[in-house]
Amino acid sequence: MSREPYLLPNGRVLRYSFHERLVHWLAAIPYIYALLSGLAFWSPWLFWIAIVLGGTTIARELHPWAGVIFVIAVSLMHGMWGREMHETPSDKAWWANIRHYIRNEDDQMPSADRFNPGQKLLFWGFFWNAFLLLLTGLILWFPQYIPWNLRILRLLAVIVHPICALLTIALFIIHVYMGTAFERGSFGSVIRGDVSRAWADEHHHTWYRRILGESTSRK
Amino acid sequence: MSQAATEIVRISAHAGSVPGAGLNREFQVCKLVDTTTCIGCKACEVACLEWNGYTFSETTFNNSYQTMPETAWNYWNLIKFNEHERDDGSTMLLMRKDQCMHCEDPGCLAACPADGAIVQYANGIVDFQEANCIGCGYCISGCPFNIPKFSPAARKVFKCTLCNDRVSQGLEPACIKACPTGCLHFGTKPEMKELAEKRAGQLREHSGFADAGVYDPEGVGGTHVIYVLHDAKNPEAYGGLPKDPHVPISVRLWKGPLKWIGNLAIVGGVVGVFIHYLRFGPKIVKGDEKSGQGDNR
């Protein structure tokens, strides 16, 4: 697999390649547009958001397109991260110790690979919800083409679409909090791509050990 | 009907009683469609198009009198024909003028997310305000009668207004005016209900329709368009008139419990992570804080 080397000449570690960062933001920006416009349609108290987003009819027109770009980006993510996101036997121990993670007692956490089980949950949560949001969203995009005797599809869509959206919002809140305020260094990793060696060792010990091994074996 | 604004309740510095005070006026309007005297002439369809400024749509032929399968965004009034086979083997042509039912509990209004796109007037008319419509089509899903229709050109949804523009000026709806047999009536809800019940009674007693009755479905709180049917036990035979229409349960769940659960969850989530930050603070990797590599960013 040809890829950028993990260990950078400046002594830092490449966490996310340019391609990965690009795909991340290709998902994030349309998701945020869909989220905000979706919230406008969710509650009359938030309808003003649609006006800010270009007008109420424009927001209705763009919301599904933003969703389509989001789903494409999530599919690309599945292509590049899908294998690394699969559950491994050590995940159970990680979840069993989740309280230490929450309390910043990271020395008591089992070591994580490139993605820890929490990140895997985030990924699969977004992946499956994106899939359901697309299916139900297509129905809500073109309700006029659903024949009357198949109206059950519309009725399912109006309830499943917001449920899936709420689930992604739960993931989104935690993800944004962790990526910006909580886990210092991780926001830089998805902007500039790199983290410090100490960060990689602390948060993704198994991964860090492996790339160290790879780079030494290459020499 | 439209006079609610001019009814006087109190008068300043006025000696004596207020003229008309305490008068019980009935504002609720109703259209009565007597399917038993409809001859399927489609005059109501033409009047509807003429008054609302639409032209005829292309018709389809399916070996019956049915010219179009259902109402359209620019065709709000359509007679549904059904060649109904009766128990004795004879055929009966059922004809029902289909249009917006102007529900007391409108599913379209419940489902609509756009401020001011659907209004219900005190006289019972449920009207779309296309200027405020965002074209999302949720009303299409909310309606139990398959009435709101999306216009691809306008990218908004349209339906029968019960001639709100005419009714507010004291006129009857255009369809009523055109009906040659008198099967269409317009008046207050109690008047129309009474007339309908009387007609249903006639059908039961004198015409051999033992199950004749009035269609004014409770599930949507009653409607401001009511039908007299030969067989009120089988409204489905009249071009798919739902037996027990309701605002869809999924719309109710979505606009009711799910909204509260969702709002609490979103606010709870944001407050939750904030409190977590106050309590536990950030994860700063040991070594980074002194390394000057800026990983506290």
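Relevant structure appears above.
My aim in this report is to walk through the structure given alongside it, one point at a time. Fair warning: this is a prediction, and the values are worked out from it, not measured in the lab. (Residues numbered from 1 in each chain as written. Chains lettered and ligands numbered in written order. Predicted model: local features only at pLDDT ≥ 70, side-chain atom pairs only at ≥ 80, totals over all residues.)

Of regular secondary structure, chain A possesses 10 helices and two strands. Within the span of chain A, comprising 219 residues, buried residues form 35% of the whole. Long-range contacts, defined here as pairs at least 24 residues apart, represent 64% of the contacts in chain A between residues at least 6 apart. (Helix = DSSP H or I, 4+ residues; strand = E, 2+ residues; numbered from the N terminus. Buried ≥ 20, exposed ≤ 12 C-beta atoms within 10 Å, placed from the backbone. Contact = placed C-beta atoms within 7 Å.)

With that settled, consider the overall build of chain B. Regarding its fold elements, chain B presents nine helices and 10 strands. The C-alpha radius of gyration of chain B comes to 27 Å, more than 25% above the 19 Å expected for a compact globule of 297 residues. Principal-axis analysis of the C-alpha atoms places the extent of chain B at approximately 100 × 70 × 40 Å. Per-residue burial over chain B gives 40% buried out of 297 residues. For chain B, the proportion of contacts with a sequence separation of at least 24, taken over those separated by at least 6, is 58%. (Rg over C-alpha atoms; globule rule 2.2 N^0.38 Å.)

Taken residue by residue, the interface counts 40 residues in chain B and 38 residues in chain A. Contributions of two or more residues to the side of chain B that touches chain A are made by α3 (138-142), α7 (249-255), α8 (257-280) and α9 (288-291) of chain B. No other element matches the 10 residues that α8(B) contributes to the side of chain B that touches chain A. Residue composition of the side of chain B that touches chain A, grouped by class: 21 nonpolar, 11 polar and eight charged. (Nonpolar A, V, L, I, M, F, W, Y, C, P; charged D, E, K, R; others polar.)

Residues and elements named next belong to chain B. Read from one edge to the other, the open sheet built from four strands follows the order β8-β1-β10-β9, with strand pairing classed as mixed. With one partner strand each, in any of the chains shown, β8 (184-188) and β9 (213-215) form the two edges of the open sheet. On average, each strand axis in the sheet is tilted by 25° relative to the strand beside it, whichever way the strands run. When strand β1 (residues 29-34) meets β8, the two strands line up antiparallel, connected through five bridges. Residue pairing across strands places K31 opposite F186, the latter belonging to β8. Sitting on the sheet, helix α6 (residues 189-206) touches β1, β8, β9 and β10 (225-229), and the angle it makes with β8 is about 140°. (Pairing = 2+ DSSP bridges. Axes fitted to C-alpha atoms, helices over the stretch in contact; angles between N-to-C directions.)

A separate point is the pairing of strand β3 (residues 91-98) of chain B. Residue and element names in this part refer to chain B. Two strands pair when backbone bridges link them, and strand β2 (residues 78-85) and β3 are joined in this way by eight bridges, in the antiparallel orientation. Its bridge partner being in β3, E83 is matched across the sheet by L93. Where β2 folds back on β3, the antiparallel hairpin that results is connected by five residues, among which G89 adopts a positive phi of roughly 90°.

On to helix α1 (residues 18-42) of chain A. Residues and elements named next belong to chain A. In this model α1 runs 35 Å from its N-terminal to its C-terminal C-alpha over 25 residues, within 8% of the 36 Å that 1.5 Å per residue would give. Those residues of α1 lying buried are E20, V23, A27, P30, Y31, Y33, A34, S37, G38, A40, F41 and W42. Buried positions along α1 lie against α2 (48-52), α3 (56-81) and α7 (151-182). (Expected span 1.5 Å × (residues − 1).)

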